[in-house]
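Working through the structure, step by step
Residue-level listing of the chains:
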Amino acid sequence: PPPLQTPYFWTSTKWPATELDYAIYLAKKNIRKQGDLIEHEKDNYNLLHKRINHTWDFVVMQAREQLRDAAPAGAGGAIDCQEQAYWLVNRPPVRMGWGSWVGGQWVRGWRVQPWAGGEDGGAGSEHGPGPVRRARGFPPAPGTVLYIKFNEQYVPHDPIMSGCLPSNPWITDDTTYWAMNAPTVPTPTKLRVERWGFNFSELLTDPLGRAQLLDFLKKEFSAENLSFWEACEELRYGEQSRITEIVDSIYQQFLAPGATRWVNIDSKTMERTLEGIKTPHRYVMDDAQMHIYMLMKKDSYPRFLKSELYRNLLAEAIIPPETKKR
């Protein structure tokens, strides 16, 4: 007899399809199928990767956890089919812009969901904190609780919601806050240094954080990894007319046999990259760049956070005093 349908996919539950859940499903399928997605899934995967790039580490983490906790052999195939059928019907339209797909409709901007107490435990205000609101009869959306925890760490770093020191430049004429958080400053603020510890992307996207990481990698004799990543970023976002020149420069510095700053890339990735540079384009180094990115993320980044360099940065970081009102 055919297996029973799992309650998660019962249509009677009226499960609210969200972009985050759909992104986790696509990431899970991408890992399981090794990138062999259907055409519309590839398009949606790429769009979601751009739309919610700031939480993509969380998406991949959830996808891997769900794969690890998947049903035992024999039942997994049936559940996979049910999950695919569910998302064929309920997948949210992926749009680029400010808004989100919640409960079957497109919501512009941030959607505030009232918080409820009662049987779910605890009481919350209209905007929280409080328990995750859920309907009776089916479990909370996969990843919802962890997603909230992931974002809670950013609350003290939001100058609008939590305020900022020494004063808020959006409501005063004092621009000291912007000066203290400029791309390059002699001594960063404590909040800025703490944010580098949230994830590797936070460290790389901050010019000052990237400079500190480069100093650390130089001591470990692996600075060429970060330099290669930066060169690939220049290729991706640089001028169209210089693409051939930049590709050749990257090859000569980092990939050619006997290169002065040779980077360690696996043979398959190197083979695809060398084949690609025969017809240079701005995305030709993507595979190699991702390989080096993951190498730094899994190896160099954890050591950086444990290093004396990072501990000293935290200890010497500035905590701005509040500006006294006249």
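The name an unreviewed UniProt entry assigns to the protein chain is Regulator of G-protein signaling 11, from the organism Charadrius vociferus.

The next point concerns empty space enclosed by the protein. The tally for this structure, following the rule as stated, stands at one cavity of 30 Å³ or more. Reported here for the largest cavity is a volume of approximately 40 Å³. If you go around the largest cavity, the residues you meet are Y22, Y25, H40, E41, Q84, W87, L88 and R91. Of all the elements, helix α4 (residues 76–90) adds the most residues to the lining of the largest cavity, at three residues. Tallied by class, the residues present in the lining of the largest cavity amount to four nonpolar, two polar and two charged.

For the rest of this paragraph, the subject is the packing of helix α13 (residues 286–306) against helix α14 (residues 308–316). Between α13 and α14, the least distance of the axes is 5 Å, while the angle of their chain directions is 50°. Compared by their axis directions, α13 and α14 come out oblique. In this structure, α13 contributes F304, L305 and K306 to the contact, and α14 contributes E308, L309, Y310 and R311. Taken together, the residues of the contact of α13 with α14 break down into four nonpolar, no polar and three charged.

Empty space among the atoms becomes visible once a probe the size of a water molecule is rolled across them. In this structure, the second largest pocket occupies an estimated 2000 Å³ of space. In this structure, the second largest pocket is lined by 40 residues; those nearest its centre are H49, W56, M290, Y293 and M294. For the lining of the second largest pocket, the secondary-structure elements that each account for two or more residues are α1 (19–33), α2 (39–51), α3 (56–68), α8 (200–205), α10 (223–237), α12 (267–276) and α13. With nine residues, α13 is the single largest residue contributor to the lining of the second largest pocket. Across the lining of the second largest pocket, the residue classes tally to 16 nonpolar, 13 polar and eleven charged. Counting contributing residues, the lining of the second largest pocket receives three or more from each of domain 1 (7–90) and domain 2 (161–316).

With that settled, the discussion passes to the pattern of salt bridges. Per the stated rule, a full pass over the model turns up 13 salt bridges. When the shortest N-O distance is used, the salt bridge between E41 and K29 registers 3.0 Å. Of this pair, E41 sits in helix α2 while K29 sits in helix α1, placing them twelve residues apart in sequence. For the pair E41 and K29, one class covers both residues: buried.

Here we take up the packing of aromatic side chains. A complete count under the given rule lists eleven aromatic pairs for this structure. Ring geometry for W170 and W178: centres 5.5 Å apart, planes at 85°, overall edge-to-face. For W170, a relative accessible area of 47% translates into the label partly exposed. Chaining the aromatic ring pairs together yields one cluster made of W170, Y177 and W178.

Before going further, it helps to spend a moment on α3. Taking 1.5 Å as the rise per residue, α3 with 13 residues should run 18 Å; its terminal C-alpha atoms sit 18 Å apart, in good agreement. Residues W56, F58, V59, V60, Q62 and A63 constitute the buried set of α3. Buried residues along α3 sit in contact with α1, α2 and α5 (144–152).

Moving on to the environment of Q240. You can see Q240 is positioned in the loop between α10 and α11 (243–255). The exposed category is assigned to Q240, whose relative accessible area is 57%. Within polar-contact distance, the side chain of Q240 engages the side chain of R282 at 2.9 Å.

What counts as what
- Residues numbered from 1 in each chain as written.
- Predicted model: local features only at pLDDT ≥ 70, side-chain atom pairs only at ≥ 80, totals over all residues.
- Heavy atoms only, no water.
- 1 Å grid on protein atoms, 1.4 Å probe; cavity = no way out; pocket = protein on both sides within 12 Å on 5 of 7 lines; lining within 4 Å.
- Points joined across faces, edges and corners; volume = space filled by probe spheres on them.
- Helix = DSSP H or I, 4+ residues; strand = E, 2+ residues; numbered from the N terminus.
- Nonpolar A, V, L, I, M, F, W, Y, C, P; charged D, E, K, R; others polar.
- Axes fitted to C-alpha atoms, helices over the stretch in contact; angles between N-to-C directions.
- Parallel < 35°, antiparallel > 145°, perpendicular 65-115°, else oblique.
- Contact = heavy atoms within 4.5 Å.
- Domains from an automatic or database assignment.
- Salt bridge = Lys/Arg side-chain N within 4 Å of Asp/Glu carboxyl O.
- Buried < 20%, exposed > 50% of the residue type's maximum accessible area, 1.4 Å probe, protein only.
- Phe/Tyr/Trp six-rings, centres within 6.5 Å; stacked < 30°, edge-to-face > 60°.
- Expected span 1.5 Å × (residues − 1).
- Polar contact = N/O pair within 3.5 Å; in protein donor to acceptor, adjacent residues only side chain to side chain.

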